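One letter stands for each residue in the lines below.
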Amino acid sequence: MNIQFLTPKIISYSNKADIKRNRPVTSSNLTDLNRDTVSFSGRYSNVGNTLADYMEASLALQTPRLKRIATTYLDVLESVVNKLKDEGFSMDRAYCEKHPVKSPQSYTSKIVRSGKFKVPDTIRATIFCNDLYDLEKLNNKLLPEMEQRGYVVAKTEMPMNDLIKRGFKPNALEAEKSDSIYINVPDLDIRLEDAASQAHKLNPKYRYCIGNPQKSGYEDIQIRFVRDFDKKKAPIQHELIVLFGPEYSSAKHQEYEHVYKHIRNFEKLHASFDDASVNSKKANRYMDLIKLMFRGKVSEKLFLNAKNKDLYGINEELPITFGECDKNLFNSYFRGLRTALSDYYSELKKTASSLVAKRLLAKNAKDDMQILADMQEGLSQTIKRYNYENDIKNLLNANN
């Protein structure tokens, strides 16, 4: 297999038009990233033998250049933030410099998890605005200042159906083909509570850039910039996340480390659970129940407490704690999920056409059980962590 630098041959594994539009590629293609073997020589001779290994090695060669570009980006952001500090903008430069470029491992992992070869946050940064709900500051201050320095909002393709949800009025032909039509829009996503009521404060070209907060309660503004002097067909994108403040940034990190990092591993399961069988329905429901538990018990409270501190100066916190009933439910959900998973594979084995197929199903079942065991252990540690922290807070309050 003759593979050129970085992605050209990898892209050939799926429909090029779909990749251009950032549409998901098929799961079999993504599996190939970790399975297909290749041979290398020269500067790639020490890498592993899968396409994922090759992609990581290729990206590693680009990292020094990307870090130089990221440093320039942070310099520009810092100058903008300093100019707009009276408008409530601020920046933790040291925090941004920890990981300004996505690592090759994270880059490849995101491709496999998302089903998309486009990774728009290769270079990223975070700034704060303590009046984030005032969209005039985004439209009239931040974006113009970045544009003056050569950074303009990138374009992205959005499915027509998503645009319709954001208020787009299609004509008859567009409505008829809304499932297959993609429209160019600015790569700006305003994921704030009740942001639609301020649409009149935005430039008309941003009218369809108002989304919704995440189910976890997480809110932010996401922007992807490109340099206006970069004439490449695929210019480097610079992601910017705008948050309420440092407390919210800390909550985002905690939620990732103690909840999302574990929950997202459901995506690693070989079992698809996409049929109408009883076992698939049960498994999907148990996964939803586990997500709902940690969303309500941890994620929503983390983000609400942080927003209260950054935006309103309110230091009182909603307690994050799990009672005995919660812990029993948690363990019961995972028991039920494991049973549904086991029954799911048992049914598949009955219809397996060969010994090879049966062995593959057995391996997949074992792998999936291990994924669930690791998830349960990780989330158990999350429960212990927040219960311990809550006990310490209660003890300190009792002594004051």
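Here's what I pulled together on the structure shown here. All figures in this text were calculated on a predicted structure; none of them were measured in a lab.

1. Digging into the overall build of the protein chain
- The helix and strand tally for the protein chain stands at 13 helices and eight strands.
- Residues classed as buried in the protein chain amount to 45% of the 400 residues present.
- Considering only residue pairs separated by 6 or more positions, the protein chain has 70% of its internal contacts joining residues 24 or more positions apart.
- For the protein chain, the exposed area adds up to about 21,500 Å²; of that, 49% sits on carbon and sulfur atoms.

2. Considering the packing of helix α10 (residues 246-263) against helix α13 (residues 355-399)
- Look at α10 against α13: their axes get within 8 Å of each other, and the N-to-C directions meet at 150°. Relative to α13, the element α10 lies roughly antiparallel. In this structure, α10 meets α13 at a crossing whose hand is left-handed. Where α10 abuts α13, its residues Gln254, His258, Val259, His262 and Ile263 lie against Met375, Gly378, Leu379, Thr382, Arg385 and Tyr386.
- Split into classes, the residues belonging to the contact of α10 with α13 amount to five nonpolar, five polar and one charged.

3. A word on the nonpolar core
- One finds Leu142, Leu188, Ile190, Ile221, Ile223, Leu240 and Phe294 to be the most contacted residues of the largest nonpolar core, which totals 83 residues.
- When residues of this core are assigned to their parent elements, the largest contribution, 10 residues, is made by helix α11 (residues 278-312).
- Those residues in contact with Leu188, other than ones at most four positions away along the chain, are Leu138, Leu143, Val153, Tyr206, Cys209, Ile221, Gln222 and Ile223.
- One finds Met158, Leu163, Ile181 and Val185 within the second-largest nonpolar core, a separate group that totals six residues.

4. What about α10?
- Counted at 1.5 Å a residue, the expected span for α10 with its 18 residues is 26 Å, and the 24 Å between its end C-alpha atoms agrees.
- At Tyr256, α10 is deflected by roughly 45°, the largest bend along its length.
- In this structure, the buried side of α10 is in contact with α5 (93-96), β2 (123-129), β8 (238-243), α11 and α13.

5. Description of the side chain of Asn308
- Relative to the helices and strands, Asn308 is located in helix α11.
- What makes Asn308 buried here is its relative accessible area of 17%.
- Apart from the residues within four sequence positions on either side, Asn308 is in contact with Gly313 and Ile314.

6. Re the packing of aromatic side chains
- All chains considered together, the criterion is met by 14 aromatic pairs.
- Taken together, a centroid distance of 5.5 Å and an interplanar angle of 40° make the contact between Phe294 and Phe322 tilted. With a gap of 28 residues between them, Phe294 in helix α11 and Phe322 in the loop between α11 and α12 (324-350) connect regions that are remote in the sequence.
- For Phe294, a relative accessible area of 0% gives the class buried.
- An aromatic cluster is defined as three or more aromatic residues linked by ring pairs; in this entry it consists of Tyr133, Tyr218, Phe244, Tyr248 and Phe303.
- Sitting above the plane of the Phe322 ring, Lys297 keeps its charged end 5.7 Å from the centroid.
- Positioned above the aromatic ring of Tyr386, the side-chain terminus of Arg385 is 5.8 Å from the ring centre.

Calculation criteria
- Residues numbered from 1 in each chain as written.
- Predicted model: local features only at pLDDT ≥ 70, side-chain atom pairs only at ≥ 80, totals over all residues.
- Heavy atoms only, no water.
- Helix = DSSP H or I, 4+ residues; strand = E, 2+ residues; numbered from the N terminus.
- Buried < 20%, exposed > 50% of the residue type's maximum accessible area, 1.4 Å probe, protein only.
- Contact = heavy atoms within 4.5 Å.
- Areas by Shrake-Rupley, 256 points an atom, 1.4 Å probe, with all protein chains shown as cover.
- Axes fitted to C-alpha atoms, helices over the stretch in contact; angles between N-to-C directions.
- Parallel < 35°, antiparallel > 145°, perpendicular 65-115°, else oblique.
- Left-handed = near helix turned anticlockwise from the far one by under 90°.
- Nonpolar A, V, L, I, M, F, W, Y, C, P; charged D, E, K, R; others polar.
- Core = buried A, V, L, I, M, F, W, Y, C linked by side-chain atoms within 4.5 Å.
- Expected span 1.5 Å × (residues − 1).
- Bend = angle between axes of the 7 residues up to and from the residue.
- Phe/Tyr/Trp six-rings, centres within 6.5 Å; stacked < 30°, edge-to-face > 60°.
- Lys NZ or Arg CZ within 6 Å of the ring centre and 35° of its normal.

In short, geometric facts, not functional conclusions.
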